[in-house]
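The primary structure of each chain is shown beneath.
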Amino acid sequence: MHSASLSKPIASWVTMRLAEQERVRLDASVVDVLSPWPLAQNQFDPRLITIRHLLSHTAGTTLGGYQGWLDFKALPSLEESLAGKTNGRGAVELFAPVGVKFQYAGGGYTLMQLAIERTTRRKYSDLARELVFRPLGMKHSSVAMMPEVLAGAAQGHDDDGRPVPVRYYVEQAPSTLTTTVRDFARWMIASMANTAGAHPLTQAQLALMYTPAELSTPRAPDEAVYGLGHFIERLSDGSTAVGHDGRNQAGFRARFLMRPQSGDGIVFFSNSRSGLALDRIVCLWGADVAKVDPVTACKK
């Protein structure tokens, strides 16, 4: 299955493992490795942007998601994508000073992917395989969006149930994870505390990803809370849940939610862009674990 933006939590793992190996630095300016600077210059200074800002959507970058391409041969380079070759979605730009506000931006993850590839001189897809998929035994997972990888993928459908053609994306860090529910569950288990199996990241590293990003201005009351690659929720019983959702133009929806400290969670993949009933199931799960009235909690 395509999982769209569930690629972002995987990207946070790739980055944390690289940081552990001292191959990237979370708090170093990405300008140092992205020369020439790939975004258009404007009034906002990019020199303070770090990997940490890009992971937490606090770098002041634009472009929430991507349209994709029907022809694999039409895929642009990362530099071309950042400059605006995005099949109608436009270029990635800076719209605010660094660290001032949260704005969900797949464009920031694309910028991070380019910084990682230039720093390590490796393909991001190879790093994801070596640092995440292989250690966890995720044999059916990849971010290398190539025809041979997608040959065995499910057929996507639009909101009316009609088949949607395959789309290709060069923006792997924000967009291109293909996986199975069993593979992704392996990753979720490794993301929790005191669970069996491989744990490539330490509990301190995991806790860092589940900590709300700091902002230099007050957070709006209804503003989403995001850590490093994860949305963060406080359930009614006071427990913390982290997760992510995803959808794309290829006709897929995906979502997961888990409580890392208690070791439980839920994940779904849908080869339809609607999938609204599945959203309700996730809500009902959250109400159940928090021991609150599901009618009230999931009334939407």
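Use the structure listed above.
Parameters and conventions
- Residues numbered from 1 in each chain as written.
- Predicted model: local features only at pLDDT ≥ 70, side-chain atom pairs only at ≥ 80, totals over all residues.
- Heavy atoms only, no water.
- Disulfide = S-S within 2.5 Å.
- Helix = DSSP H or I, 4+ residues; strand = E, 2+ residues; numbered from the N terminus.
- Pairing = 2+ DSSP bridges.
- Axes fitted to C-alpha atoms, helices over the stretch in contact; angles between N-to-C directions.
- Contact = heavy atoms within 4.5 Å.

(A) Summary view of the state of the cysteines. Counted by the stated rule, this structure contains 1 disulfide. Paired through a disulfide, Cys283 and Cys298 show a sulfur-sulfur distance of 2.1 Å. Taking the torsion about the S-S bond as the criterion, the Cys283 to Cys298 disulfide, at about -100 degrees, is left-handed. Placement of the pair is Cys283 in helix H10 (residues 276-290) and Cys298 in the segment after helix H11 (294-297), with a sequence separation of 15 residues.

(B) Fine view of the sheet that holds strand S3 (residues 252-259). Reading across from one edge, S1-S2-S3-S4 is the order of the 4 strands in this open sheet, with antiparallel pairing throughout. One side of each edge strand has no neighbouring strand; the edge strands of this open sheet are strand S1 (231-234) and strand S4 (264-270). When strand polarity is set aside, the average angle formed by the axes of neighbouring strands in this sheet is 20 degrees. Relative to the sheet, helix H8 (residues 181-190) contacts S3 and S4, its axis offset from that of S4 by approximately 150 degrees.

(C) The environment of Phe133, seen in detail. For Phe133, the position within the fold is in helix H5 (residues 124-133). For the pair formed by Phe133 and Ser3, sequence separation is 130 residues and the distance between their alpha carbons is 15 Å. Not counting chain neighbours up to four residues away, the residues in contact with Phe133 comprise Ile10, Ala128, Met138, Ser141, Ser142, Val143 and Leu177.

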